[in-house]
Amino acid sequence: MALEHAILVSLLEQPGSGYELARRFERSIGRFWTATHQQIYRVLKRMETGGWVLAEEIGQDGRPDKRAYSVTAAGRDALTGWLREPVQPEAVRHELAVKIRGAAFDDDAGRKRLIAEVERYRADHVATLDRYLISENRDFPDRTDPGQRLQHVVLRGGIAYERMLLDWLDDVLGTLRDL
């Protein structure tokens, strides 16, 4: 998947400025597809040049004008073509898993440091799960709308992933402490 496709989906859900897109990526899409503000602006410019999005200048009192983007027919066609392509399974690359396996070759002090790292990593995922649960209650009051139902099922996947990861991290911590 290219960043262009994630931007098209986000703009079809709700047109907006580059800044608004970057905030949406931070709040929701970012755990599934990450992008920096600079990447988003660079890709938006390329998409505008390619005719996939249309930018409208919007004046703002006391602030610089902003450019609000919306998807053109060509952009929708590009997204539809991509949606119909088969998806290849991703290869999982998990640095922490390699470190956990490598702990068999470290001493007790190294394993204690690894326990601290797994605890820190776990705390980050607890915070992510908490954000997802807050978002679920805040953002999905109408679970009958087809667009919201599809957004919600993706969020539920994120919630399930975080819960699975936390269960695994608890197992890892138990195993490391038993050593």
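Residues numbered from 1 in each chain as written. Predicted model: local features only at pLDDT ≥ 70, side-chain atom pairs only at ≥ 80, totals over all residues. Heavy atoms only, no water.

(A) Region of interest: the packing of helix H6 (residues 108-139) against helix H7 (residues 146-178). Relative to each other, H6 and H7 sit at 155°, their axes nearing to 9 Å. Taken together, H6 and H7 sit at an angle that is classed as roughly antiparallel. Our pair here, H6 against H7, has a crossing hand that is left-handed. For the contact of H6 with H7, the residue count by class is 16 nonpolar, six polar and nine charged. (Axes fitted to C-alpha atoms, helices over the stretch in contact; angles between N-to-C directions. Helix = DSSP H or I, 4+ residues; strand = E, 2+ residues; numbered from the N terminus. Parallel < 35°, antiparallel > 145°, perpendicular 65-115°, else oblique. Left-handed = near helix turned anticlockwise from the far one by under 90°. Nonpolar A, V, L, I, M, F, W, Y, C, P; charged D, E, K, R; others polar.)

(B) A look at the packing of helix H2 (residues 18-27) against helix H3 (residues 37-49). Between H2 and H3, the least distance of the axes is 9 Å, while the angle of their chain directions is 130°. Looking at the two axes, H2 sits oblique to H3. Viewed along their axes, H2 and H3 form a crossing whose handedness is right-handed. Seen from H2, the contacting residues are Gly-18, Tyr-19, Leu-21, Ala-22, Phe-25 and Glu-26; seen from H3, they are His-37, Ile-40, Tyr-41 and Leu-44. Looking at the contact of H2 with H3 residue by residue, the class counts come to seven nonpolar, two polar and one charged. (Contact = heavy atoms within 4.5 Å.)

(C) Examining the pattern of salt bridges more closely. Counted by the stated rule, this structure contains nine salt bridges. Between Asp-108 and Arg-111 there is a salt bridge; the shortest N-O distance is 2.9 Å. Remark: Arg-111 and Asp-108 occur in helix H6; sequence separation between them is three residues, near one turn of the helix. Residue Asp-108 is classed as partly exposed on the basis of its relative accessible area, which comes to 47%. By relative accessible area, which is 17% here, Arg-111 ends up buried. Each of Glu-48, Glu-57 and Arg-67 takes part in one network of salt bridges that share partners. (Salt bridge = Lys/Arg side-chain N within 4 Å of Asp/Glu carboxyl O. Buried < 20%, exposed > 50% of the residue type's maximum accessible area, 1.4 Å probe, protein only.)

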